[in-house]
Amino acid sequence: MYLADYHTHSRVSPDGHVSMLEMASAALEAGLNEICFTDHFEPVEPRTTIPRKTFDWAAQKAEYADVTARWNGPVKLRLGLELGDSSVDEALVERLLVGMPELDFIIGSVHMLSKKFKFQDLAWIQEPDEKTCYAELEDYLENMLQMARWGKFTVLGHMTLPMRYMNDKRGFHVSMDGYGAEVEAILRTLIENGCGIEVNTNRGGQPLPGARWLKLYRRLGGEIITLGSDAHRPEDVGRGIREGQALLRECGFTRFCTFEKTKPIWYAL
Ligand SMILES: [Zn+2]
């Protein structure tokens, strides 16, 4: 079985820790065939809501040049990006993307809520109650639809991300189940725009999204799908990828993809 981790972060990300070389070594140790480095790009300065004036593409280019020069292992290396929150300011994002290196793959992600919620990041916002969680969830879904319409990425990242924070970290019992129409609109828009989704194996935790939405995506004709651990540390590289492949098979998928210069390469599940 071909094993590829298509969501990993190196020290180029503000919340990353180690070099791409160390992440590649971890991929080898985890028995993977391929790893894609998807460091963060955001339209705001790290851990703030202040719009960026520039983005340091040189740091990512230098890190990738270093790992490709030094790597002689059997694990295939790819350069990607986790492009967050285009819905905050699409014109700004497009200006910042000038100078981006040629990438194999781009994850489009929503981490931030809209202006109504002061552009706060889902990771740090502290909801007082479940009612607030649902108001945020609705806002999140609107941002995701807007991002899907924008469509300048390869796959939509961790579609059910609010659950990681609201449920796993803060102990609420929030569900997206009441938002079938909204999720379907997002998935249809992605498919129309030639984008896919990822199974974010959430470093071995609850997959984002789970079976219900994966089956819906499949039923709507969705095919483009990647698997990624969202590892920010070497020990998480490859975590949940095998289980994620089994989940995809259960949901009716027969293949998944990796990317080279944004063109899909298919592998049987
Ligand atoms: Zn993310």
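Residues numbered from 1 in each chain as written. Predicted model: local features only at pLDDT ≥ 70, side-chain atom pairs only at ≥ 80, totals over all residues. Heavy atoms only, no water.

*Asks:* Tell me what's going on with the pairing of strand β7 (residues 196-200), and back it up with residues and numbers.
*Replies:* Within a regular strand, the side chains alternate between the two sheet faces. Judged by how many residues are buried, β7 sits mostly within the fold: five of five residues are covered. Of the two faces of β7, both are covered, the one formed by G196, E198 and N200 as well as the one formed by I197 and V199. As paired strands, strand β6 (residues 155-156) and β7 are joined by two bridges and run parallel to one another. Bridge pairing in β7 places V155 opposite G196. Bridge analysis of β7 against strand β8 (residues 225-228) gives four bridges, and the strand direction is parallel. (Buried < 20%, exposed > 50% of the residue type's maximum accessible area, 1.4 Å probe, protein only. Helix = DSSP H or I, 4+ residues; strand = E, 2+ residues; numbered from the N terminus. Pairing = 2+ DSSP bridges.)

*Asks:* Tell me about the environment of W213, residues and numbers included.
*Replies:* Relative to the elements of secondary structure, W213 occurs in helix α7 (residues 211-219). Separated by 29 residues in the primary sequence, W213 and E184 place their C-alpha atoms 8.6 Å from one another. In contact with W213, not counting residues within four places along its chain, are M159, T160, M176, D177, Y179, G180, V183 and L187. (Contact = heavy atoms within 4.5 Å.)

*Asks:* For helix α2 (residues 57-70), give the residues involved together with the corresponding values.
*Replies:* Taking 1.5 Å per residue as the helical rise, α2 with its 14 residues ought to reach 20 Å, and the 20 Å between its terminal C-alpha atoms agrees with that figure. Along α2, the residues that are buried comprise W57, Q60, E63, Y64 and V67. Buried residues of α2 fall within an arc of 135° about the axis and therefore sit on the same side. Seen from the buried face of α2, the exposed residues on the opposite side, beyond 90 degrees, are A58, A69 and R70. Considering only its buried residues, α2 is in contact with α1 (20-29), β2 (34-37), β3 (40-41), β4 (76-84) and α3 (90-96). N-capping of α2 is provided by D56, with a side-chain oxygen placed 3.3 Å from the backbone N of A58. (Expected span 1.5 Å × (residues − 1). Arc of directions from axis to C-beta. Polar contact = N/O pair within 3.5 Å; in protein donor to acceptor, adjacent residues only side chain to side chain.)

*Asks:* Got a sec to walk through the packing of helix α6 (residues 180-192) against α7? Specific residues and values, please.
*Replies:* Helix packing geometry: the angle between the two helix axes and the distance between the axes. Two numbers describe how α6 lies on α7: the axes approach to 10 Å, and their chain directions differ by 45°. As far as their axial angle goes, α7 and α6 are oblique. In this structure, the crossing between α6 and α7 has a hand that is right-handed. Every residue of α7 that contacts α6 at G180, V183, E184, L187 and I191 is listed here: R212, W213, L216 and Y217. Looking at side-chain class alone, the contact of α6 with α7 contains six nonpolar, one polar and two charged residues. (Axes fitted to C-alpha atoms, helices over the stretch in contact; angles between N-to-C directions. Parallel < 35°, antiparallel > 145°, perpendicular 65-115°, else oblique. Left-handed = near helix turned anticlockwise from the far one by under 90°. Nonpolar A, V, L, I, M, F, W, Y, C, P; charged D, E, K, R; others polar.)

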